[in-house]
Structure formats: C-alpha cells, structure tokens
Amino acid sequence: MGIIEPGIGLLFWMTLTFVILLFLLAKFAWKPIVNAVNDRETSIVDALNQAKLAKKEMEDLKADNERIIREAKIERDAILKEAREIKDRIVGEARDVAKAEGDKLIEAAKQTINAEKNAAMADIKTQIGALSVNIAESILKQKLDNTEAQNELVQNYINKSNLN
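Residues numbered from 1 in each chain as written. Predicted model: local features only at pLDDT ≥ 70, side-chain atom pairs only at ≥ 80, totals over all residues. Heavy atoms only, no water.

K.L.:
Which residues make up the packing of aromatic side chains, and what are the values?
P.N.:
Within this structure, the stated rule accounts for one aromatic pair. On the basis of an interplanar angle of 70° and a centroid distance of 5.3 Å, the ring pair of phenylalanine 12 and tryptophan 13 is categorised as edge-to-face. Taking the relative accessible area as the measure of exposure, phenylalanine 12 reaches 49% and is therefore partly exposed. We classify tryptophan 13 as exposed; its relative accessible area is 52%. (Phe/Tyr/Trp six-rings, centres within 6.5 Å; stacked < 30°, edge-to-face > 60°. Buried < 20%, exposed > 50% of the residue type's maximum accessible area, 1.4 Å probe, protein only.)

In structure tokens, the structure reads:
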C-alpha cells in the first residue's frame, strides 16, 4: 500500500467522523448559521430599501429646493421690478414738483422784475417831470427877467385866447 492509496479502515473512520460532524453541525450550528445569514440578508435588503427611500427623499427635497429657488428668484425679480417702478415714479414726481416749483419761482421773479421795472419807470418819469419843470422854470425865469419879454408873453396868450 502506498501513501496515496487510502485503506478501507481509514476511509470508514473518515466517513464516520464526517457524518458525525455533519450531524453535529446540522443539529447545533446549521440553524444558527442559516438564521444569521437570513438575518444578514434581511438587514442588507432593509438597508438597501432605506437607501432607496433616502435617495427618493433626497431627490424630492432637491426638486422642492429647486422649485423654492425658482419661486424665490421670480419673487425677487418681481420685487426688484416693482422697486424700479417705484423709484422711477418717485424720481418723476420729484422732477415734476421741482419743475413746477422752478416755474413758480421764475414766474415770481418775472413779476418782481416787471414790478421793479414799472416802479423804476414811474420814478424816472417823476424825476423827468420834475426836472422838466425845473428846466422850464429856469428858462422862464431867464426869459421873463425883463419886462418887455413878460409883456410880449402876455400879449401872445391874450391873442391866442381871443382866437379861440
């Protein structure tokens, strides 16, 4: 018999030991190992399902976030547009009020200038009248210093009044 050829006795004891080992494993270890593998499989499936649910929730949250961001951008644009319109309206109103006030001030200044001009013209006329009277008085005094000129002037008036 060689080393590689097993003997019947050795083969019998190896088979008997293997059967006893299988029996002991089936009786005591097989069920807990199968239960542990089933529990592990169940926990892996649950973990995968939880991961799928979490992924779906994340996608839903992402979609909600994108929707909220779009709505916020639309609202922001609307608020900015309204703010620009309000600014333009306020600036326009202020411009109109300033123009109206400027026109009022210009009109008041024109009226004041015209009133001052009229007052100055009236004053000039008064001064010219007074000056004319003074000049006429002085001319008359010079002309009427001699009696012959006075008599001649009286004669002229009498002749004119007789003619009328």
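K.L.:
Which residues make up the pattern of salt bridges, and what values go with them?
P.N.:
The tally for this structure, following the rule as stated, stands at eight salt bridges. For the salt bridge of aspartate 64 with arginine 67, the shortest nitrogen-to-oxygen distance reads 3.9 Å. In this pair, aspartate 64 and arginine 67 both sit in helix α1 (residues 8-143), three residues apart, roughly one turn of the helix. Its salt-bridge partner being arginine 67, residue glutamate 71 comes within 3.2 Å of it at the nearest N-O pair. Placement of the pair is glutamate 71 and arginine 67 together in helix α1, with a separation of four residues, close to one helical turn. With a relative accessible area of 42%, glutamate 71 lands in the partly exposed category. Among the charged side chains, a salt-bridge network with shared partners connects Asp64, Arg67 and Glu71. (Salt bridge = Lys/Arg side-chain N within 4 Å of Asp/Glu carboxyl O. Helix = DSSP H or I, 4+ residues; strand = E, 2+ residues; numbered from the N terminus.)

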